[in-house]
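Structural overview for review
For reference, the chains in residue letters:
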Amino acid sequence: MAEGGCGESQKPATVFDFLSKIVRLLQDEEALQPRRNDQVVQFQHPRELQELLPLALNKDPLPDDDIVEACRQVIKYSVKTNHPYFFNQLYGGVDMYGLAGTWISESLNTNQYTFEVGPAFTLVEHAVLTHTLNMFGLANGDGIFCPGGSISNMYGIVLARYKKVPDIKTKGLSSAPPLVAFTSDDGHYSMLKAAHWLGLGTDNMIKVKSDNEGRMIPSELVACIQKALKAGKQPFFVNATAGTTVLGAFDPFEALADICTEYHLWLHVDACWGGSLMLSKKFSSVLKGISRADSISWNPHKMLGAPLQCSAFLVREKGLLHHSNAAAAHYLFQQDKFYDISYDTGDKSVQCGRKVDALKLWLMWKARGDSGLEKVVDNAMECARYFCDRIRNRPGFRLVIPEFQCTNTCFWYIPPRLRNQEETPEWWEKVNSVAPKIKERLVLAGCLMIGYTPLSHKGIKNFFRMVVTCQPPATVEDMDYVIEKIEEYAIDIV
């Protein structure tokens, strides 16, 4: 038995010797700062990758050097999201200050439910939420960090339902009239999943028609509300979007807030993607009216580059999170503790165990300040505008909509052999296959990752979705590179 305790003690030097090897490995593999001439990904199909990676678990311990080599293989075949040519998702590279926060919080390995076990982290979360609430105009509100935007959006529905029918917490759905909620047909699919998980039923998450630019049409919302009322149902919740997943559209928050006030509905804004524009004086006008929301979801791990995951849920009414979710577990939330128990935040959460996600954003904000974060957001927007302007009249490129409100740019590329032809349904079917073919070639070459998608509910065929994020900061040369690579790899596509 080791002196001073049970079991075998581990010398701190041994721990740091191994971790130092991992840090050196990250440096050697350039995982955090890939060069532009490095591959974004060394793609292998699943069966091939299974053969290349040392996936099998072993009976006996392996030496540290073998573990480091296994880590090297994982890094080698992973997508380098820190690469300047990764434009594939609504996230990108990681902010180095945020990464430092992640290393610290993971090293201290505690829970975010009581001040007792996370005193510094509790105060950090409180400070970040207070600053964020002020930024969005909910100064006297409350909030909590959640495991992703889908859960943040679910919090909004739960609070709205509790506010409308408080007895539902104890008596269940049978105590309420048939409840219906509303979201844009361009809104995030997490709303449908939330309707399923919360027992509303996906048929009762009503999709409201959006305009050609992807913004919810207020008159269509009114029509949907009135139809639900005539059917004997109880409307209670409207989800607006600040930066839709595909087109990057911002719903008209002022008009939607007026409707919600008239019909006594909860207005939630899914600002997971576009909420970061609040940091920019130049580009925040698209968020006008968001301060009238009852709740807001925002994901700093998306545009801003906080390490995954970092998702905040904000609510106007202080105390509602606790009243809606509290279960009063006496082994955690004793009322006779020796400190101020108002700092025990765990009963506001649907979770028991909750990761420390605020520290990464706190360190980013401390290091960069409001002005530094504004600078990287402005750069992302300006690069996106540059890209859009470059392809607007360039041969072969066609924008899906004339203007974009966020850093999304959606476009078709028409290869030379398909130009100057009658645009029949058959022609559009050929265009539909172009983006997937180009994407395959780009990924197999490892030179660029960019997404594509259709908008089936609008009858729109596959197109590219170019997304610019804050990390690593993009340049106009990076934008030009994307254009050139698409043209290069599409030259012989029919």
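For the protein chain, the name recorded in an unreviewed UniProt entry is Glutamate decarboxylase, with Gryllus longicercus as its organism. Of the comments in the UniProt record for the protein chain, the one headed Sequence similarities (unreviewed entry) reads "Belongs to the group II decarboxylase family." Turning to the protein chain, the UniProt annotation filed under Cofactor (unreviewed entry) states: "pyridoxal 5'-phosphate".

At a minimum axis distance of 7 Å, the contact between helix H4 (residues 96-108) and helix H12 (residues 358-392) shows a crossing angle of 140°. It follows that H4 is oblique to H12 by the angle criterion. The two elements H4 and H12 meet at a crossing, and its hand is right-handed. When H4 is examined against H12, the residues Met96, Tyr97, Gly98, Ala100, Gly101, Thr102, Ile104 and Ser105 are found in contact with a partner set consisting of Leu359, Lys360, Leu363, Met364, Ala367 and Arg368. When the residues that make up the contact of H4 with H12 are grouped by side-chain class, the tally is eight nonpolar, four polar and two charged.

Bringing the pattern of salt bridges into the picture now. All told, the structure shown has 28 salt bridges when counted by the stated rule. Two residues, Arg368 and Asp95, come together in a salt bridge whose shortest N-O distance is 2.6 Å. One end of the pair, Arg368, is in helix H12; the other, Asp95, is in the loop between strand S1 (86-87) and H4, with 273 residues separating them in the sequence. When the shortest N-O distance is used, the salt bridge between Arg292 and Asp258 registers 2.8 Å. One end of the pair, Arg292, is in the loop between strand S6 (266-270) and strand S7 (295-298); the other, Asp258, is in helix H10 (residues 253-263), and 34 residues separate them in sequence. Relative accessible area serves as the criterion here: at 33%, Arg292 is assigned to the partly exposed category.

This part takes up empty space enclosed by the protein. For the structure shown, the criterion picks out one cavity of 30 Å³ or more. Empty space within the largest cavity amounts to approximately 60 Å³. Its residues assigned to classes, the lining of the largest cavity shows seven nonpolar, three polar and one charged.

Moving on: the sheet that holds strand S9 (residues 397-399). Across the sheet, which stays open at both edges, the five strands sit in the order S1-S11-S12-S10-S9 with mixed pairing between neighbours. Looking at the sheet topology across the chains shown, the edges are occupied by S1 and S9. The pairing of S1 with strand S11 (residues 449-455) spans two bridges and is parallel. When the bridges of S11 are listed, Phe87 appears paired with Ile450.

To continue, consider unusual backbone geometry. Geometrically, the link from Leu308 to Gln309 is a cis peptide bond, its omega value of 0° lying close to zero. Relative to the helices and strands, Gln309 is located in the loop between S7 and strand S8 (311-315). In this model, Gln471 is joined to Pro472 through a cis peptide bond whose omega is -10°. Mapped onto the fold, Pro472 is located in the loop between strand S12 (460-467) and helix H15 (476-489). Despite not being glycine, Glu30 shows a phi value in the positive range, around 55°. With respect to the secondary-structure elements, Glu30 resides in the loop between helix H1 (12-28) and helix H2 (46-52).

The strand order S2-S8-S7-S6-S5-S3-S4 describes an open sheet built from seven strands, whose pairing is mixed. Both edges of this open sheet fall to strand S2 (142-146) and strand S4 (205-208), since each of them pairs with a single strand only. Taking the axes of each pair of neighbouring strands and ignoring which way they run, one obtains an average angle of 20° across the sheet. Sheet topology places S2 next to S8; five bridges connect them, and they run antiparallel.

Further remarks concern the UniProt feature "modified residue: N6-(pyridoxal phosphate)lysine" (unreviewed entry) in the protein chain. Taking the UniProt record as the reference, the feature "modified residue: N6-(pyridoxal phosphate)lysine" (unreviewed entry) is found at Lys302. If you trace the backbone, Lys302 turns up in the loop between S7 and S8. Judged by its relative accessible area of 16%, Lys302 falls in the buried class. When sequence neighbours within four positions are dropped, the list of residues in contact with Lys302 reads Leu90, Tyr91, Gly92, Cys272, Trp273 and Thr469.

Our focus in this paragraph is a nonpolar patch on the surface. A surface patch of nonpolar side chains, amounting to about 260 Å² of accessible area, comprises Val23, Leu32 and Trp103. Of note, Val23 is situated in helix H1. Judged by relative accessible area, which is 37%, Val23 ranks as partly exposed.

What counts, and where the lines are drawn
- Residues numbered from 1 in each chain as written.
- Predicted model: local features only at pLDDT ≥ 70, side-chain atom pairs only at ≥ 80, totals over all residues.
- Heavy atoms only, no water.
- UniProt positions renumbered as here; feature names shortened; annotations may be inferred.
- Axes fitted to C-alpha atoms, helices over the stretch in contact; angles between N-to-C directions.
- Helix = DSSP H or I, 4+ residues; strand = E, 2+ residues; numbered from the N terminus.
- Parallel < 35°, antiparallel > 145°, perpendicular 65-115°, else oblique.
- Left-handed = near helix turned anticlockwise from the far one by under 90°.
- Contact = heavy atoms within 4.5 Å.
- Nonpolar A, V, L, I, M, F, W, Y, C, P; charged D, E, K, R; others polar.
- Salt bridge = Lys/Arg side-chain N within 4 Å of Asp/Glu carboxyl O.
- Buried < 20%, exposed > 50% of the residue type's maximum accessible area, 1.4 Å probe, protein only.
- 1 Å grid on protein atoms, 1.4 Å probe; cavity = no way out; pocket = protein on both sides within 12 Å on 5 of 7 lines; lining within 4 Å.
- Points joined across faces, edges and corners; volume = space filled by probe spheres on them.
- Pairing = 2+ DSSP bridges.
- Patch = residues over 30% accessible without salt bridge, like charges linked within 9 Å, V, L, I, M, F, W, Y side chains within 5 Å.
- Areas by Shrake-Rupley, 256 points an atom, 1.4 Å probe, with all protein chains shown as cover.

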